[in-house]
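Chain and residue survey
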Amino acid sequence: MVRTVMVTGATSGIGEATARAFAGEGANLIITGRRWDRLKALKKELEADHGVEVLALAFDIRDRKQCESAVDSISGDLATVDVLVNNAGLAAGLDHFEEGEVNDWEMMIDTNVKGLLYITRRIVPRMVAAGGGHVVNIGSIAGTQPYEKGAVYCASKHAVHALSQGMRIDLLGKGVKVTEIRPGMVETEFSLVRFHGDERRAGGVYDGVTPLTGEDVAEAVLWAIMQPPHVNIDEIVLTPLAQANAYYTFRQKEQPDAK
Ligand code: NDP
Ligand code: 8X3
């Protein structure tokens, strides 16, 4: 039975939807992100609606010391984390390599790769000591399909893909499951963040497409977790019907007015 779930990046999008989905199943939660106001509001809502215990931890996942002291502060009934959903992440910028912003590159690598490592390194020993647990890494179709202008984001998600496979090997025989979820286009704050707050550019990403929602991805996470003890779901790749892969997307054109 899943008692405690830690979701990184629960202040919006996939992470927020995943926290809600697990609360709906009666799991206690540890939710993280930098935006304290959002964490506080989500904690209040989930505790009131589902009667679960929610610990909100506001910190920057790029900072190793903050990650370590946040995890070390988890005690009592929540200390044994049954499920860790490594979701916090972002894309910053969309540029040809020779024009890429080094600050953007550092932000993506520090968040998507190093942040995931800092948290997982601190949580997994607790799972091993408890004789079991489940790590779910939110990767991306970009983790196997590098696309134009996305070299560093794609590299960071390739790292998540490699880490998921490596963790699965090293955790063999220790009762800890590892699942990688690789979504295609999901409408969240992702594009707004990628385009540094440019709403017009962000909205254009989803023109003529019905994208996935955070809830769609949360459903996949939940399904992977709900399998019997002897079953490990290694990977789930999910895309909108309109997206074949990172390179081919079918966009409905606006119909001209008949009148
Ligand atoms: P959102 O921007 O909606 O959510 C990102 C979450 O990550 C927020 O909760 C944010 O919290 C957190 N986060 C980002 N940077 C940091 C940081 N430095 N410290 C702590 N938390 C941080 O995007 P999504 O929900 O779409 O993204 C979630 C994951 O899904 C990411 O790993 C992304 O790469 C992946 N993904 C997204 C896809 C998409 O099309 N949207 C497709 C495939 C994968 P806060 O800002 O409060 O710190
Ligand atoms: C985020 C989605 O389309 O940039 O991983 O690969 S995409």
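Since this is a predicted model, take the numbers as computed values, not measurements.

Now for the sheet that holds strand S7 (residues 235-238). Judged by pairing direction, the sheet is parallel, and its 7 strands sit side by side in the order S3-S2-S1-S4-S5-S6-S7 without closing on themselves. Sheet topology places strand S3 (54-58) and S7 at the edges, where each strand pairs with a single neighbour. Taking each pair of neighbouring strands and ignoring which way they run, the sheet shows an average axis angle of 15 degrees. Relative to strand S4 (residues 83-86), strand S1 (residues 4-7) runs parallel, the two being bridged by 3 bridges. Opposite Val-7, over in S4, you have Val-85 as the bridge partner. The strands touched by helix H8 (residues 214-225) are S4, strand S5 (133-138), strand S6 (176-183) and S7; relative to S7, the strand with the most contacts, the crossing angle is about 160 degrees.

Oppositely charged side chains can form a pair if their charged atoms are brought close together. Considering all chains together, one arrives at 14 salt bridges under this definition. With a closest N to O distance of 2.9 Å, Glu-180 and Arg-182 form a salt bridge. Of the two residues, Glu-180 and Arg-182, neither departs from the other in class, the shared state being buried. One network of salt bridges, with partners in common, ties together Arg-64, Glu-68, Asp-72 and Arg-122.

Further remarks concern the environment of Lys-40. Counting through the fold element by element, Lys-40 comes out in helix H2 (residues 36-50). On the accessibility criterion, Lys-40 (46% relative accessible area) is partly exposed. For the pair Lys-40 and Ala-56, spaced 16 residues apart in sequence, the C-alpha to C-alpha distance is 6.8 Å.

Right, let's talk about the site of ligand 2 for a bit. Around ligand 2, the neighbouring residues are Ser-140, Ile-141, Ala-142, Tyr-147, Tyr-153, Phe-190 and Arg-194. Tyr-147 places a polar side-chain atom, nitrogen or oxygen, 2.5 Å from an oxygen atom of ligand 2. Within the contact set of ligand 2, an oxygen atom lies 2.6 Å away from a side-chain nitrogen or oxygen of Tyr-153. When isolated, ligand 2 has an accessible area of 240 Å², and the protein chains bury 83% of it. In the shell around ligand 2, the residues fall into 5 nonpolar, 1 polar and 1 charged.

Around ligand 1 there are 29 residues in total, and Thr-11, Ser-12, Arg-34, Tyr-153 and Thr-188 lie nearest to it. A distance of 2.9 Å separates an oxygen atom of ligand 1 from a polar atom in the side chain of Arg-35. Between ligand 1 and Lys-157 there is a distance of 2.9 Å, counted from an oxygen atom to a side-chain nitrogen or oxygen. Burial of ligand 1 by the surrounding chains reaches 96%, relative to a free accessible area of 880 Å². At the level of elements, helix H1 (13-24) and helix H5 (151-170) are the ones that each hand at least two residues to the shell around ligand 1. Across the shell around ligand 1, the residue classes tally to 11 nonpolar, 12 polar and 6 charged.

Among the residues making up helix H3 (residues 64-72), those that are buried are Cys-67, Glu-68, Ala-70 and Val-71. One face of H3 carries all of its buried residues, which in axial projection span an arc of 165 degrees. Structurally, H3 contributes buried residues whose contacts are with S1, S3 and helix H4 (102-130). You can read the cap of H3 off the contacts: a side-chain oxygen lies 3.0 Å from the backbone nitrogen of Lys-65, and it is on Asp-63.

The rules we used
- Residues numbered from 1 in each chain as written.
- Chains lettered and ligands numbered in written order.
- Predicted model: local features only at pLDDT ≥ 70, side-chain atom pairs only at ≥ 80, totals over all residues.
- Heavy atoms only, no water.
- Pairing = 2+ DSSP bridges.
- Helix = DSSP H or I, 4+ residues; strand = E, 2+ residues; numbered from the N terminus.
- Axes fitted to C-alpha atoms, helices over the stretch in contact; angles between N-to-C directions.
- Contact = heavy atoms within 4.5 Å.
- Salt bridge = Lys/Arg side-chain N within 4 Å of Asp/Glu carboxyl O.
- Buried < 20%, exposed > 50% of the residue type's maximum accessible area, 1.4 Å probe, protein only.
- Near = heavy atom within 4 Å.
- Polar contact = N/O pair within 3.5 Å; in protein donor to acceptor, adjacent residues only side chain to side chain.
- Areas by Shrake-Rupley, 256 points an atom, 1.4 Å probe, with all protein chains shown as cover.
- Nonpolar A, V, L, I, M, F, W, Y, C, P; charged D, E, K, R; others polar.
- Arc of directions from axis to C-beta.

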